[in-house]
Amino acid sequence: MTVIEFKNLPQNLPNSQQCQRSTLPHLGLVCITSDKQVRFRTMTRTRYLKLSLSDRKIALTELYRHNLQRLHDALSFCEQNQIQLYRMSSAIFPLSDLEDGIGANILETMSADLATIGQRANALSIRMVLHPDQYVVLSSDSPEVVQASINNLAGHARIFDLLGLPRSPWSLMNIHGGKSQRPEQLVKVISELPENIKSRLTLENDEYAYSADEILAVCQQAGVPMVFDAHHHICHENLDSYDHPSVESMFYAARETWTNPDWQLVHISNGEQAFNDRKHSNLITDMPNVYHQAPWIEVEAKQKEEAIAHLRSWWLIKNNCT
């Protein structure tokens, strides 16, 4: 497995400048690598439902075992590249939340294998987190959608339990607010969630439905941490700089929602074609100055590990490690 290289990184830094390395936040790999070293297989619901019950079990068993090995590969990649934050794919065990129970039962039979992965992550000091898919909408005005969303979160929480990950925001499951102008519904549903979900739940601001201020208020009322996304914020507010005063104030306001501030996690992305472009760029070339105070940053860029390496190099140069 290839180790990513730091491009343009000065070599043989003086001892007085070596200390700047310790100021670099933990930068997180999101799900996969750009060079196909870490990839997961999947299966569509349509294809799955065409199979007989026995064939469904065979297909999912083989798929889950493959993805378990890829998850080991992801941890190996993170270890070799000194990455201590890894966002698991929400589709790593597809169809495990269906009513037929086949996928969920298969995962139970693989509990020892899952526990081994969790123990390995802990031994390597790699923080594992998750961002469930966009269909999780706890603020929906449809009871059916809300229940399906809770079922989805319950499935992810069960996987985290099987991995042996703590029931705390250390092993967070991060979601967006969902349907706009329904903060009371969102707070109510969160208050009624099972402990293994709520104890890990975090909320993130977005470009459309919930501004940083709005999701902050929900987090304060619901008693869950806020994951601040600076790019979502500048897009929602139509700002022209990551160093607008509101970026810094929202970063620190979000920190107050974390019982342990050392666990605060934020997201960074850049626009692809323009500063306010919602599509993600290949690399990170601009970031809020206040993010120097962030302990954990998920890097949401298309080139994944190359973006992390580029950001590390840029960070050292920006901090005069030359």
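Check the entry above for the structure.
Our subject in this report is the structure included herewith. Just so it is clear, the model here is predicted, and its values are computed rather than measured. (Residues numbered from 1 in each chain as written. Predicted model: local features only at pLDDT ≥ 70, side-chain atom pairs only at ≥ 80, totals over all residues. Heavy atoms only, no water.)

As for the layout of surface pockets
Inference 1: Of the voids in this model, the largest pocket is the one considered here, and its volume is about 860 Å³.
Inference 2: Lining the largest pocket we find 32 residues, and of these Arg 45, Leu 95, Asp 97, Leu 98 and Asn 152 sit closest to its centre.
Inference 3: When contributions to the lining of the largest pocket are tallied by element, the ones reaching two or more residues are α2 (45-49) and α6 (143-163).
Inference 4: Per element, the largest residue contribution to the lining of the largest pocket is 10 residues, and it comes from α6.
Inference 5: Each residue belonging to the lining of the largest pocket can be placed in one class, and the counts come to 17 nonpolar, nine polar and six charged. (1 Å grid on protein atoms, 1.4 Å probe; cavity = no way out; pocket = protein on both sides within 12 Å on 5 of 7 lines; lining within 4 Å. Points joined across faces, edges and corners; volume = space filled by probe spheres on them. Helix = DSSP H or I, 4+ residues; strand = E, 2+ residues; numbered from the N terminus. Nonpolar A, V, L, I, M, F, W, Y, C, P; charged D, E, K, R; others polar.)

Details of the side chain of Ser 269
Inference 1: Of note, Ser 269 is situated in the loop between β7 (265-268) and β8 (296-299).
Inference 2: A relative accessible area of 0% means that Ser 269 is categorised as buried.
Inference 3: Sequence-distant contacts of Ser 269, defined by excluding residues within four places in its chain, comprise Asp 229, His 231, Tyr 242, His 280, Ile 284 and Glu 300. (Buried < 20%, exposed > 50% of the residue type's maximum accessible area, 1.4 Å probe, protein only. Contact = heavy atoms within 4.5 Å.)

Digging into the pairing of strand β3 (residues 127-130)
Inference 1: Alternating residues of β3 divide into Arg 127 and Val 129 and Met 128 and Leu 130, and every residue in both groups is buried.
Inference 2: Both strand β2 (residues 85-88) and β3 contribute to a ladder of four bridges, which runs parallel. Paired with Met 88 across the bridge in β3 is Leu 130. (Pairing = 2+ DSSP bridges.)

Concerning the environment of Val 218
Inference 1: Examined against the element boundaries, Val 218 turns out to sit in helix α9 (residues 212-222).
Inference 2: In the structure, Val 218 is positioned 36 residues away from Arg 182 in sequence and 10.0 Å away in space, judged by C-alpha atoms.
Inference 3: Sequence-distant contacts of Val 218, that is, excluding residues within four places in its chain, are made with Pro 183, Leu 186, Val 187 and Leu 203.

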